[in-house]
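These are the residues of each chain, in order.
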Amino acid sequence: MLKLLQSLLKDRKGGTAIEYGMIATVIVVSLIASITALGNITTGMWSNVNTKIDDARNNR
């Protein structure tokens, strides 16, 4: 049992895969946050455009 634990502590093969997984996770979370923020900005923009068009129609 002790030899198994020592061999697991010396094994470095999975470290790289975990690092790549963490980097991919950070990239995906950043993309989701950016897309969400962009969606909120464009929704506000189109809402403003819609309000101005409605105001222009009503003030004819």
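Below you will find a few notes about this structure. (Residues numbered from 1 in each chain as written. Predicted model: local features only at pLDDT ≥ 70, side-chain atom pairs only at ≥ 80, totals over all residues. Heavy atoms only, no water.)

**Details of the overall build of the protein**
Where we set the bar: A run of H or I in DSSP counts as a helix once it spans at least four residues, and a run of E counts as a strand once it spans at least two, with each numbered from the N terminus. Each radius of gyration is computed over the set of C-alpha atoms, and the globule rule expresses the reference value as 2.2 Å times the number of residues to the power 0.38. For each residue, the accessible area found with a 1.4 Å probe, counting protein chains only, is set against the maximum for its type, and the residue is called buried under 20%, exposed over 50%, and partly exposed in between. Methods summary: accessible areas were calculated by the Shrake-Rupley approach with a probe of 1.4 Å, and residue burial reflects only the protein chains presented. Under the convention used here, Asp and Glu are negative, Lys and Arg are positive, and both His and the chain ends fall outside the count. The atom standing in for a charge is NZ when the residue is Lys, CZ when it is Arg, CG when it is Asp and CD when it is Glu.
For the protein, the count of helices and strands is two helices and zero strands. Computed over its C-alpha atoms, the radius of gyration of the protein comes to 26 Å, more than 25% above the 10 Å expected for a compact globule of 60 residues. Taken along its principal axes, the extent of the C-alpha atoms in the protein is 85 × 15 × 5 Å. For the protein, with 60 residues in total, the buried portion stands at 0%. Only carbon and sulfur atoms are counted for the fraction: they give 67% of the accessible area of the protein, which is about 5,700 Å². Between the centroid of the 7 positive side chains of the protein and the centroid of its 4 negative side chains there is a distance of 10 Å.

**Concerning a nonpolar patch on the surface**
What counts, and what does not: Patch membership is restricted to residues that have no salt bridge and whose relative accessible area is over 30%. Joining uses 9 Å for like charges and 5 Å for the nonpolar side chains Val, Leu, Ile, Met, Phe, Trp and Tyr. The rule for a salt bridge is simple: a side-chain nitrogen of Lys or Arg has to be within 4 Å of a carboxyl oxygen of Asp or Glu.
A surface patch of nonpolar side chains, amounting to about 550 Å² of accessible area, comprises Tyr20, Ile23, Ile27, Leu31 and Ile35. Relative to the helices and strands, Ile35 is located in helix α2 (residues 13–58). For Ile35, a relative accessible area of 58% corresponds to the exposed category.

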